[in-house]
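What follows is the residue order along each chain.
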Amino acid sequence: PHVAPAGRPADRPDRPNTMRSTWLSSAATALALVAVAARASMPMPSDMQAQQDSADCASVLKYSVRRTSAHVRSVQWVGADSRVVFAVTQDGALLRSVNNGATWDDQAQYLDKVNAPATGAAAMGAANGVSSVHGTAERDHIWVLGRNGRAWASESRGAAYSLVENEDYHLNELHVNPTNPTWALLVGPHRVCAAERLGGPFGTGGAGAVSGSVRCHYAAFVTTDFGKTLHVVASYVRTAAFGKGTRVFVSYLPNADKTKAQHELNDYDYELSYGDVSATGTGLKLNSMSRHTPEFVLASDVLFAVVYTNATLERVELKVATQRGHSALRTAAFPADVSEGYFVVVNIEPSTLWITVKESYDSRRGTLFVSSLPDDKPPAFVESLPNHAVEQGEPELARFYGLKGVFIANVRLPAAMEQRESLITFDNGGEWHPLHAPDEHADGKPYNCRSCALQVYGLRKPRARAGTQAQNAYGPLHTKVNTVGLALATGSVGDVLPDDAASGETDANMYMSRDGGWSWEELAEGSFTYDFADHGSVLVRAPNRGRTRQVEFSATLGADEWHRCTMLPETTMGGIHVTNIVSDPLSVSEQVIVYGDDGAEGVLVHLNLTNFVSRACSSDDYEMWSPRAQRGSPCELGIQATYQRRKRNHICHNDVVLDMRAKKQRCNCTKADYECDVCYEPRAVSEEGGSGGGSFGIDVGEVCVLSEKLCAIAVEYDEDGNEKKTHEGTQAPDPCVGEWEETRGYRLVQGTQCIVETGIALFPIKHQCPSAGSPTGVSLGPWPYLLAALVIIVVFGACAAVALYYRSRVRGAAPTSSSYLTVEGGDDDDDDDDDFDDDEPEVLDDDAIEQYEKQKTKKKEK
């Protein structure tokens, strides 16, 4: 089997399968978390050092510089007008700007005014500073979590603050209600845990672990009045989070032996419970949801929970609940032969769940599985991509924001672990293709490599620098929801993408796609960090492999000469190591922020490009484009979409917020809208000796056949003595009422919106239930369900990637030390895009909507 070719790159026998096969079992899964290790910074090539400024720099660029006590760790915009910005440094300093980053004000003096410590809080230690800022682009409310066990709240985006604290607990975890920013959950250890390790994992400290009758433990609190009062949710808590509305979830020890510290108690006794918070925050009653559940996480409206299946803590199950935990908690189905593996869960969007399964904790590759997330059925996972690259715990997978179903992943070649290859999917992992290589270099010279493809670095989340050492310093795959189809990437052209150490990180170049990843062009030699401004009309970049004092920008997305201007004064000796370039979350403004460090101090640079482009765009400056225009087939995931973009060589700026989405028309279902059902795998027609599947309306080179590798196969015989292979769970359900369904071996790809009634229909065959006393019927599929063909998936809320690991076997370590949990915010470390890169609701034309509503009504009546 091989992936479908992407234009010029030739097919190769070591490519993965075109269609996904489904795995089924009641296998256990596990959760854990691994961080990214540092990589050494490499010097920048000499030709990227300071060069002559463009002649018009003085007139088109205004800049201001702010030095900080340490490297800038994150930058975040707050509020709808995109003017208020917060920056947090590595040493905990908090800076605030009210003019898009032009000037900054240190917030320490304002926080200190309300920082009168309570009696017990002073004993929590001398650590000061800020850990994180929590806010959104829609509200003026923000929360600031400190390093000293306290938090602050502001309803004016930092114009004034109020202190939030508890005298007995060190509050070091904050969860804001997703719909009401004045409600929050705060979690932290009792002050007796601080003697050895302030806020350490469940009180592993020494002498301070006991204080009278109180033993070291964590507690969760809820506030419904913006931090004025805190009410206890539970003690001996592992995890807490908000569900929908007033619902809270908590994993805790309901019957804890409080003569012992929390870390001394058994993970098997944890319970996942839920409750609804009253308007006053008092009187909360917790109801049990799942026993033996030490860990859970909520992300993108999906709740993941790890449940122990025996008291020896040797096996666990991964359970999933949709609707932000309000649906039933159901066990995820995995193949039995991976039950002892390590599972990296990456939840990209609410409709689809991606999981990479590794054979061992340290393995650098695994198998990528995909499942839909129905509300009324457990997720059944489908193999999408073997040999998926995982580097130090993080899967190399990145999404195209604004385009559904488009992802890029790196795989490791089976014969050479140190070599990787980049593949792209346009249908939620149904097929993977090599990336089409550019025709020529940035200088216009042809590549002359017929078998080459574009290989991409930067598919893992970029990290802040630690001192002078860069961490994952390649420019990332960069896309935004308001610049549909535009993508920037760092990589190289060739057969493979070598590991960083092997390549010396010297062969990386900058590439761009304007059509959602179908084609690419090389913009520059060398590695850069970059961002879009003004709805993608302006592209800003700076080299990130060494120090620089200059920044470059283009109003034609690099089609014409780049403007190169100095952004730092002459007193800045060798320039700065640029960590990131960020614009406002919606890329509306013509102002951007560049931040990095000079090896000793952090540096914030504000660039104002308002004068760079003076003419406002008119209707003549725009064109329509389709992601599939050059591929023959106009449809992808059942939709023929057409978008609006500015013509590349038309230099103008968008002075109004444009609707970047055009009309979308639904398409008839084709073979491309289907994947193999549970227990089936793709097989070339020649292997079956016929046209396989043709009776179902499919005439293609691959069909889905029952697989003994995926499920336990039994052999049965019909009345004529003909052999018939079936698998476990194929009998009609008992009891069976009315009808039961027999799968044809296919199911719809996750996310497709194709029209089944006028296209290829591969729904299961319906059978009447056997009458009493008669033999039970036989089904070819244990899951008698297909995705509804007419479901239109609408994605709301912040899109988050979740990395979860959990050891399925505990090898002598303390139970609490074997699990790690985190929520990854998205593609950029600064969270500048994370809360705002979600797909907008899909817009269908009026005829399609009317047709859909009629068909939905008919189905309900039937």
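Note that the structure is a prediction, hence the values are computed from the model and not measured.

Draft legend 1. The overall build of the protein chain, seen in detail. Counting its regular elements, the protein chain contains five helices and 59 strands. A separation threshold of at least 6 residues defines the contact pool for the protein chain, and within that pool the share at least 24 residues apart is 62%. When the accessible area of the protein chain is evaluated, it comes to approximately 33,100 Å², of which 49% is carbon and sulfur surface.

Draft legend 2. Spotlight on the sheet that holds strand 44 (residues 576-583). Read from one edge of the open sheet, five strands run 2-46-45-44-41, paired in antiparallel fashion. Since the sheet does not close on itself, it has two edges, and those belong to strand 2 (62-68) and strand 41 (547-548), each with one partner. Sheet topology note: the strand 45 (residues 591-597)/strand 46 (residues 602-608) ladder contains seven bridges and is antiparallel. Looking at strand 46, one finds that Val592 is bridged to Leu607.

Draft legend 3. Structural view of the state of the cysteines. Evaluation of the coordinates by the stated rule reveals eight disulfides. Two residues, Cys449 and Cys452, share a disulfide whose sulfurs are 1.5 Å apart. Taking the sign of the S-S torsion, about 60° here, the bridge from Cys449 to Cys452 comes out right-handed. Judged by relative accessible area, which is 24%, Cys449 ranks as partly exposed. Classification of Cys452 as buried rests on a relative accessible area of 7%.

Draft legend 4. View of the sheet that holds strand 19 (residues 271-276). Across the sheet, four strands lie side by side as 17-18-19-20; this open sheet has antiparallel pairing. The open sheet has two edge strands with one neighbour each: strand 17 (237-242) and strand 20 (287-291). Averaged over neighbouring strand pairs, the angle between their axes works out to 20° when direction is ignored.

Draft legend 5. Structural context of the packing of aromatic side chains. In total, this model carries eight aromatic pairs according to the counting rule given. A ring pair is formed by Tyr169 and Phe221, whose centres lie 5.2 Å apart and whose planes are at 70°; its orientation type is edge-to-face. With a gap of 52 residues between them, Tyr169 in the loop between strand 10 (162-164) and strand 11 (173-176) and Phe221 in strand 15 (residues 218-223) connect regions that are remote in the sequence. Three or more aromatic residues joined by ring pairs make a cluster, and in this case those are Trp354, Phe407 and Trp432. For the cation-ring pair, Arg541 lies above Phe528, with the distance from its terminal atom to the ring centre recorded as 4.6 Å. One Lys or Arg, Arg541, reaches over the ring of Trp562 and ends 3.6 Å from the middle of that ring.

Draft legend 6. The arrangement of the confidence of the model for the protein chain in detail. On average, the protein chain scores 74 in pLDDT, and the residues at 70 or more come to 69%. The element-level mean pLDDT for the protein chain is lowest in strand 59 (residues 819-821), coming to 32, with strand 15 highest at 97. Scored below 50 in pLDDT, residues 1-50 shows 211 contacts in the model against residues more than four places distant or in partner chains. A low-confidence stretch, residues 118-127 (pLDDT under 50), is modelled with 18 contacts involving residues beyond four sequence positions or located in other chains.

Draft legend 7. Focus on the pairing of strand 52 (residues 702-706). Burial within strand 52 is extensive, with four of its five residues counted as buried. Here strand 51 (residues 680-684) runs beside strand 52; their pairing, made up of five bridges, is antiparallel. Its bridge partner being in strand 52, Pro682 is matched across the sheet by Cys704.

Draft legend 8. Spatial organisation of the environment of Ile639. Positionally, Ile639 belongs in strand 48 (residues 639-646). Relative accessible area serves as the criterion here: at 11%, Ile639 is assigned to the buried category. Sequence-wise, Ile639 and Ile755 are 116 residues apart; in three dimensions their C-alpha atoms are separated by 9.5 Å.

Draft legend 9. Highlighting the pattern of salt bridges. All told, the structure shown has 22 salt bridges when counted by the stated rule. Here Glu165 ties to Arg150 by a salt bridge, and the two come within 3.3 Å at their closest N and O atoms. On the criterion of sequence distance, the pair formed by Glu165 in the loop between strand 10 and strand 11 and Arg150 in the loop between strand 8 (142-146) and strand 9 (151-154) is long-range, its members being 15 residues apart. Close ionic contact of Arg324 with Asp301 constitutes a salt bridge, the shortest N to O distance being 3.4 Å. One end of the pair, Arg324, is in the loop between strand 23 (316-321) and strand 24 (330-331); the other, Asp301, is in the loop between strand 21 (295-299) and strand 22 (302-308), with 23 residues separating them in the sequence. Owing to a relative accessible area of 15%, Arg324 belongs among the buried residues under this scheme. Judged by its relative accessible area of 29%, Asp301 is partly exposed. Here the salt bridges do not stand alone but share partners, grouping Arg67, Asp598 and Glu601 into one network.

Draft legend 10. Structural context of the nonpolar core. Grouped together as the largest cluster of nonpolar side chains are 24 residues, with contacts concentrated most on Leu61, Val540, Phe553, Met567, Leu607 and Phe612. Non-local contacts of Met567, meaning those with residues more than four positions away in its chain, are made with Tyr63, Val65, Thr548, Arg549, Gln550, Val551, Ile576, Val578, Val594, Val605 and Leu607. Ranked by size, the runner-up nonpolar core spans 23 residues in total, among them Phe400, Val406, Phe426 and Trp625.

Draft legend 11. The side chain of His217, seen in detail. By the secondary structure assignment, His217 is in the loop between strand 14 (214-215) and strand 15. Looking at His217, its side chain comes within polar contact range of the main-chain oxygen of Arg215, at 2.8 Å. Ignoring any residue separated from it by four or fewer positions in sequence, one finds His217 in contact with Tyr169, Gly188, Pro189, His190, Cys193, Ser235, Tyr236 and Gln262.

Draft legend 12. Spotlight on unusual backbone geometry. Of note in the backbone geometry, Asn100 takes a positive phi value of approximately 65° without being a glycine. Take Asn100: it is sitting in the loop between strand 5 (94-97) and strand 6 (105-106). Look at Leu637: it is not a glycine, yet its phi comes out positive at around 55°. Locating Leu637 in the fold gives a position in the loop between strand 47 (622-625) and strand 48.

Draft legend 13. Just the environment of Ser69, in detail. Relative to the assigned elements, Ser69 resides in the loop between strand 2 and strand 3 (72-78). Judged by its relative accessible area of 48%, Ser69 falls in the partly exposed class. Separated by 528 residues in the primary sequence, Ser69 and Asp597 have C-alpha atoms spaced 9.9 Å apart. Only 2.5 Å separates the side chain of Ser69 from the side chain of Asp91, close enough to count as a polar contact.

Draft legend 14. A look at the side chain of Gln591. Residue position: Gln591 is located in strand 45. Side-chain polar atoms of Gln591 contact the side chain of His606, separated by 2.7 Å. When residues no more than four places from it in sequence are discounted, the contact partners of Gln591 are Asn99, Asn100, Ser583, His606, Leu607 and Asn608.

Draft legend 15. Molecular detail of the environment of Arg67. Residue position: Arg67 is located in strand 2. Separated by 530 residues in sequence, Arg67 and Asp597 have C-alpha atoms that sit 8.8 Å apart. Here the side chain of Arg67 touches Asp598 through a polar contact of 2.8 Å, side chain to side chain. Here Glu601 takes part through its side chain, which lies 3.3 Å from a polar atom of the side chain of Arg67.

Quick notes on the rules
- Residues numbered from 1 in each chain as written.
- Predicted model: local features only at pLDDT ≥ 70, side-chain atom pairs only at ≥ 80, totals over all residues.
- Heavy atoms only, no water.
- Helix = DSSP H or I, 4+ residues; strand = E, 2+ residues; numbered from the N terminus.
- Contact = heavy atoms within 4.5 Å.
- Areas by Shrake-Rupley, 256 points an atom, 1.4 Å probe, with all protein chains shown as cover.
- Pairing = 2+ DSSP bridges.
- Disulfide = S-S within 2.5 Å.
- Buried < 20%, exposed > 50% of the residue type's maximum accessible area, 1.4 Å probe, protein only.
- Axes fitted to C-alpha atoms, helices over the stretch in contact; angles between N-to-C directions.
- Phe/Tyr/Trp six-rings, centres within 6.5 Å; stacked < 30°, edge-to-face > 60°.
- Lys NZ or Arg CZ within 6 Å of the ring centre and 35° of its normal.
- pLDDT = per-residue confidence, 0-100.
- Salt bridge = Lys/Arg side-chain N within 4 Å of Asp/Glu carboxyl O.
- Core = buried A, V, L, I, M, F, W, Y, C linked by side-chain atoms within 4.5 Å.
- Polar contact = N/O pair within 3.5 Å; in protein donor to acceptor, adjacent residues only side chain to side chain.

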